[in-house]
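What follows is the residue order along each chain.
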Amino acid sequence: MTARGARGATADVPAALDLGLVVAAHGRHVVVETPDGTRVLCHPRGKKSELVVGDQVRWQPTGDGGVVEHIEPRRNLLFRQDEWRTKSFAANLDQLLILVAGEPVFSESQLTRALVAAQEAGIPALIGLNKIDLPAAAAARERLAPYVAMGVEVIELALKADPAGSTARLLPHLAGRTTLVLGPSGMGKSTLINLLVPAAAAQVGEISKALAAGRHTTTTSTWYWLEPKHDDGRRGALIDSPGFQEFGLRHVAPERLATLMPDFAAALGHCRFHNCSHRHEPGCGVRAAVERGDISASRRRIYEMLFEELSRSRY
């Protein structure tokens, strides 16, 4: 993906401009962190903002903060969507960590959307199964079995009952990486952030004040540094995005959907028709895999739902 400048077009930007990292974004305002750790309230030049948390940018000081002149090339970009629009919200990620639990029951549809978005962007994903100390964990493990079978790693956690053990299991996966943490309400995301980043509450207050968004803003994604640095000198970081973002998949063509779902992708190449939608055609290799039990019934239902949604979004 070619990065576009903050003015809305690619441009050669003087290296003399300061380099910074977007650590929070709210509306047209962002907080940019400099290499020495200073944080500056900035806005993009022009009316439209394409800036997201994780962006590396070139900026320059102004009287009341700074102005972002250019977005450096991105390694990847994730989108969220609501009823009306799709909007980018995080960039340059090394992985996703998706928190789920048996209680409250997690949405397999939301989980699949996140995994499809990650696969399309080329971002590895992990699942954190929290609250394994509760009886509902057994049912959650059963629901996650198809994802384990397709190669998604599941890390078992009990963030409240066993914070030390959970942290020890999780930290090796986070060291030296930038990780977007996702999880619906009640799955333990706030507990996780507070365990790994003791100063998280103070950072949120500081950023909210800088953005003039109030101390309890729910629309700001936030970057948190982890300690200590990795052996290679890289420093791990968490990005917390409020709520469980409904991932934007409208840029995905429906005929590509099966290639982004590993259990479906494993059954491709055995269909009678080259343009098979894997929903109703005779001689379909994917439907045969469903009948054999290689693809679960719930995964098939989610595929059909997403295929219909993506088909509608093209018109």
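See the structure shown above.
*Asks:* Tell me about the pattern of salt bridges, and name the residues and values.
*Replies:* Across all of its chains, the model carries 14 salt bridges by this definition. One salt bridge in this structure joins D55 and R74, with 2.7 Å as the shortest N-O distance. Of the two residues, D55 sits in the loop between β3 (39-44) and β4 (56-62) while R74 sits in the loop between β5 (65-71) and β6 (77-81), which places them 19 residues apart along the sequence. Look at R74 and you get buried, because its relative accessible area is 13%. For D240, the salt bridge identified is with K189, shortest N-O distance 3.0 Å. Pair noted here: D240 is in strand β13 (residues 237-240) and K189 is in helix α4 (residues 189-196), with a separation of 51 residues, a long-range link. The exposure classification of D240 matches that of K189, with both residues buried.

*Asks:* Any chance you could break down the packing of aromatic side chains for me, citing the residues and the numbers?
*Replies:* Enumeration over the complete set of coordinates arrives at three aromatic pairs. Aromatic pair W223 and W225: ring centres 5.2 Å apart, planes at 70 degrees, arrangement edge-to-face. Exposure remark for W225: the relative accessible area of 23% places this residue in the partly exposed category. Plain terms: the ring middles of F264 and Y303 are 4.7 Å apart, the flat faces sit at 20 degrees to each other, and that makes the pair stacked. Of this pair, F264 sits in helix α6 (residues 262-265) while Y303 sits in helix α8 (residues 297-312), and the two are 39 residues apart along the sequence. For Y303, a relative accessible area of 1% puts it in the buried group. Here R143 stacks its cationic end above the ring of F106, 4.2 Å away from the centre of that ring.

*Asks:* Give a description of the state of the cysteines that names residues and reports values.
*Replies:* Counted under the stated rule, the structure contains zero disulfides. We note that C284 lacks a disulfide partner, and the nearest cysteine sulfur, in C276, lies 3.7 Å from it.

*Asks:* Just give me the short version of the packing of helix α1 (residues 108-121) against α8, but keep the residues and values in it.
*Replies:* Direction vectors running N to C along α1 and α8 enclose 65 degrees, while the axes themselves pass 10 Å from each other. Viewed along their axes, α1 and α8 form a crossing whose handedness is right-handed. Touching E108, S109, T112 and R113 of α1 are S298, R299, I302, M305, L306 and E309, all from α8. When grouped by side-chain class, the residues that make up the contact of α1 with α8 number three nonpolar, three polar and four charged.

Each value, and the rule that gives it
Residues numbered from 1 in each chain as written. Predicted model: local features only at pLDDT ≥ 70, side-chain atom pairs only at ≥ 80, totals over all residues. Heavy atoms only, no water. Salt bridge = Lys/Arg side-chain N within 4 Å of Asp/Glu carboxyl O. Helix = DSSP H or I, 4+ residues; strand = E, 2+ residues; numbered from the N terminus. Buried < 20%, exposed > 50% of the residue type's maximum accessible area, 1.4 Å probe, protein only. Phe/Tyr/Trp six-rings, centres within 6.5 Å; stacked < 30°, edge-to-face > 60°. Lys NZ or Arg CZ within 6 Å of the ring centre and 35° of its normal. Disulfide = S-S within 2.5 Å. Axes fitted to C-alpha atoms, helices over the stretch in contact; angles between N-to-C directions. Left-handed = near helix turned anticlockwise from the far one by under 90°. Contact = heavy atoms within 4.5 Å. Nonpolar A, V, L, I, M, F, W, Y, C, P; charged D, E, K, R; others polar.

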